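# Structural characterization, general
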Amino acid sequence: MYSEKKDRFFMKEALKQARIAYASFEVPIGAVLVYKGKIIARGYNRVELLQDATAHAEILCITSAAEILNNWRLKGTTLYCTLEPCPMCAGAILASRIDRLVWGAPDIRMGANGSWIDMFAHPHPMHRLIIKKNVLSEPAEELMRKFFAGRRKK
């Protein structure tokens, strides 16, 4: 059902979203949500633009997908995000009943899948989440390094 090739393809799409964030002077994190083999929603960080700490790529992508499917329960979907989700996004992933999570680079500062804490360590009482880590982590990490190096110079 899921293949390395498909995961890499969709992660490349999430990386495109991260590059949009980068070009917008946002922390370069991107996400796409896939349903029945097709991307139904895309998101990238807009925290600075919206002056909203909750405007993470994953949250915006999940919100968009719920509108498209006309259902907050996102059963049968896979979320691809370029960075390990933070606790807020991890909670939204669980609450929205996403079936599968694929993420790129670890986040030692806020990662909620083991890099800082692990919100997925215990089985969820309502559904099972399948997780795949470190898919195309190198380009995601490089984009983050480049972004923060540029910020430090300013």
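Our subject is the structure listed above.
Because the structure is a prediction, the values reported are computed rather than measured.

## Considering the overall build of the protein
Of the regular secondary structure elements, the protein holds 5 helices and 5 strands. When its helices and strands are written in sequence order, the protein yields α-β-β-α-α-β-α-β-β-α. Judged by the C-alpha coordinates and their principal axes, the protein covers about 45 × 30 × 30 Å. The 154 residues of the protein split such that 47% are buried.

## A short note on helix α4 (residues 87-95)
By the burial criterion, the buried members of α4 are Pro-87, Cys-89, Ala-90, Ala-92, Ile-93 and Leu-94. Against α3 (57-69), β3 (77-83) and β4 (100-105) lie the buried residues of α4. Looking at the residues trailing α4, positive phi occurs at Arg-97, about 65°.

## Quick look at the packing of helix α1 (residues 4-23) against helix α5 (residues 137-153)
Helices that pack against each other are described as a pair by the angle of their axes relative to one another and the distance between those axes. Orientation of α1 relative to α5, taken along the N-to-C sense of each, is 5°, at an axis distance of 11 Å. Classed by the angle they form, the pair α1 and α5 counts as roughly parallel. Taken together, the residues of α5 that come into contact with α1 (itself represented by Leu-15, Ala-18, Arg-19 and Tyr-22) are Pro-139, Ala-140, Leu-143, Lys-146 and Phe-147. Residue classes in the contact of α1 with α5 are distributed as 7 nonpolar, no polar and 2 charged.

## Observations regarding the side chain of Arg-97
Residue placement: Arg-97 occurs in the loop between α4 and β4. Here Arg-97 occupies a buried position and makes no salt bridge, while the nearest side chain of opposite charge, Asp-99, is found at 8.6 Å. In this structure, Arg-97 is in contact with Trp-72, Arg-73, Leu-74, Lys-75, Met-126 and His-127, ignoring residues within four places of it in sequence.

## Overview of the packing of aromatic side chains
Under the defined criterion, the tally for this structure stands at 4 aromatic pairs. The interplanar angle of 40° and the centroid separation of 5.4 Å between the aromatic rings of Phe-10 and Tyr-80 together place this pair among those described as tilted. Residue Phe-10 is located in helix α1, and its partner Tyr-80 is located in strand β3; the two are separated by 70 residues in the primary sequence. For Phe-10, a relative accessible area of 8% corresponds to the buried category. Seen in terms of ring centroids, Tyr-22 and Phe-147 are 6.1 Å apart; in terms of plane orientation they differ by 65°. Their pairing is edge-to-face. In this pair, Tyr-22 sits in helix α1 while Phe-147 sits in helix α5, placing the two residues 125 residues apart along the sequence. With relative accessibility at 7%, the residue Phe-147 sits in the buried group. The rings of Phe-9, Phe-10 and Tyr-80 are connected pair by pair, giving a single aromatic cluster. Cation over ring: Arg-46 sits above Tyr-44, and NZ or CZ is 4.3 Å from the ring centre. Against the face of Tyr-2 rests Arg-100, its NZ or CZ located 3.8 Å from the ring centre.

## What to know about the pairing of β4
The buried fraction of β4 is high, at 6 of 6 residues. Bridge analysis of β3 against β4 gives 5 bridges, and the strand direction is parallel. Its bridge partner lying in β4, Leu-83 is registered against Ala-105. Between the parallel pair β3 and β4, the chain is carried across by α4, and the sense of this crossover is right-handed. In terms of strand pairing, β4 meets strand β5 (residues 130-132) through 3 bridges, oriented parallel. Looking at the pairing, Val-102 lines up with Lys-132 of β5.

Scoring rules and cut-offs
- Residues numbered from 1 in each chain as written.
- Predicted model: local features only at pLDDT ≥ 70, side-chain atom pairs only at ≥ 80, totals over all residues.
- Heavy atoms only, no water.
- Helix = DSSP H or I, 4+ residues; strand = E, 2+ residues; numbered from the N terminus.
- Buried < 20%, exposed > 50% of the residue type's maximum accessible area, 1.4 Å probe, protein only.
- Contact = heavy atoms within 4.5 Å.
- Axes fitted to C-alpha atoms, helices over the stretch in contact; angles between N-to-C directions.
- Parallel < 35°, antiparallel > 145°, perpendicular 65-115°, else oblique.
- Nonpolar A, V, L, I, M, F, W, Y, C, P; charged D, E, K, R; others polar.
- Lys, Arg positive; Asp, Glu negative; His and termini not counted.
- Salt bridge = Lys/Arg side-chain N within 4 Å of Asp/Glu carboxyl O.
- Phe/Tyr/Trp six-rings, centres within 6.5 Å; stacked < 30°, edge-to-face > 60°.
- Lys NZ or Arg CZ within 6 Å of the ring centre and 35° of its normal.
- Pairing = 2+ DSSP bridges.
- Right-handed = clockwise from strand over helix to strand, strands pointing away.

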